[in-house]
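# Coordinate analysis (summary)
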Amino acid sequence: AGKLGRKMQTKQIFQALFNSTNSSSTKNNNNITTNTEFIWRTWGSPEKLWKLAESHNKYVKYLVDRNDIELYQKDNNQSSSMVSYLDWGQAMLPRLFGSERINGDISEHFGLEARIMFVQMLINHLIERKR
């Protein structure tokens, strides 16, 4: 995970995302206003790595939620962050291990069912964010 460690790298990456997206619209290199959203998909993992995945997912959710609260308080309850997360890892948990595990083409892949579930979750998430 490098000299800084995974947690510090994650914090720096998300801080850069927050800094670049916390206005309701940002300008790209051509000075054109964009409304780019960044959606982090939490990760699922085989049983031997689940504790690492779970810990990392919780930390990312904490960073995103903390940013949302800071924006909410700073902008008189009007702002919405352009960074969010989709808790795919938690939704997949019942199908990650044992006899209920979804199998893909190799042991690290969860297969088509998991991908379809992710697309459904993403569409629902995008619809809810627009409400």
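Residues numbered from 1 in each chain as written. Predicted model: local features only at pLDDT ≥ 70, side-chain atom pairs only at ≥ 80, totals over all residues. Heavy atoms only, no water.

## A closer look at the overall build of the protein chain
How we decide: Only runs of H or I of at least four residues qualify as helices and only runs of E of at least two qualify as strands under DSSP, and these elements are numbered from the N terminus. Categorising residues by exposure relies on relative accessible area from a 1.4 Å probe, with only protein chains included: less than 20% of the type maximum marks a residue as buried, more than 50% marks it as exposed, and the intermediate range marks it as partly exposed. Here a residue-residue contact requires only that any non-hydrogen atoms of the pair lie within 4.5 Å. Here the accessible surface of atoms and residues is derived via Shrake-Rupley with a 1.4 Å probe, and residues count as covered only by protein chains that are part of the display.
A count of helical and extended segments in the protein chain gives four helices and four strands. Traced from its N-terminal end to its C-terminal end, the protein chain shows the element sequence α-β-β-β-α-β-α-α. Counting the 131 residues in the protein chain, one finds 27% classified as buried. Taking contacts inside the protein chain between residues at least 6 apart in sequence as the whole, the part at least 24 apart equals 61%. For the protein chain, the computed accessible surface area is about 9,000 Å², with 52% contributed by carbon and sulfur atoms.

## Quick notes on helix 2 (residues 50–74)
Spacing of three or four residues puts side chains on the same side of an α-helix, whose turn is 3.6 residues. The criterion, for reference: Helix span, as expected, comes to 1.5 Å for every residue beyond the first.
The terminal C-alpha atoms of helix 2, which comprises 25 residues, lie 36 Å apart, in line with the 36 Å expected from a rise of 1.5 Å per residue. Residues of helix 2 that are buried: W50, A53, H56, N57, Y59, V60, K61, L63, V64, N67 and L71. Close packing links the buried residues of helix 2 with helix 1 (6–21), strand 3 (38–41), strand 4 (83–86) and helix 3 (88–92).

## Focus on the pattern of salt bridges
Using the following cut-off: When a carboxyl oxygen of Asp or Glu lies within 4 Å of a side-chain nitrogen of Lys or Arg, that pair is called a salt bridge.
A full pass over the atoms with the stated rule returns six salt bridges. Between K130 and E37 there is a salt bridge, with the nearest N and O atoms lying 3.2 Å from each other. Taken together, the residues span a long stretch of sequence, with K130 in helix 4 (residues 112–130) and E37 in the loop between strand 2 (33–34) and strand 3 at a distance of 93 residues. For K130, a relative accessible area of 64% puts it in the exposed group. The shortest N-O distance in the salt bridge between E54 and K51 comes to 3.8 Å.

## Side note on the packing of helix 1 against helix 2
Rules: Fitted lines through C-alpha atoms give the axes, limited to the stretch in contact for helices. The angle between two N-to-C directions lies from 0 to 180 degrees. Our angle categories are set so that under 35 degrees counts as roughly parallel, over 145 as roughly antiparallel, 65 to 115 as roughly perpendicular, and the remainder as oblique. Definitions for this section: a left-handed crossing has its near helix turned counterclockwise from the far helix by less than a right angle. A right-handed crossing has that turn clockwise. In this classification, the charged set is Asp, Glu, Lys and Arg, the nonpolar set is Ala, Val, Leu, Ile, Met, Phe, Trp, Tyr, Cys and Pro, and all remaining amino acids, among them Gly, are polar.
Two numbers describe how helix 1 lies on helix 2: the axes approach to 11 Å, and their chain directions differ by 30°. Between helix 1 and helix 2, the angle falls in the class roughly parallel. The way helix 1 lies across helix 2 gives a crossing that is right-handed. Across the interface between the two elements, R6, K7, T10, K11, F14, Q15 and F18 from helix 1 touch H56, Y59, V60, L63, V64, R66 and N67 from helix 2. Split into classes, the residues belonging to the contact of helix 1 with helix 2 amount to six nonpolar, four polar and four charged.

## Topic: the environment of F97
As for its placement among the helices and strands, F97 is situated in the loop between helix 3 and helix 4. Among the residues examined, F97 registers a relative accessible area of 22% and is labelled partly exposed. Sequence separation between F97 and E47 is 50 residues; the distance between their C-alpha atoms is 6.1 Å. Among all residues touching F97, those that are not within four sequence positions of it are S45, P46, E47 and W50.

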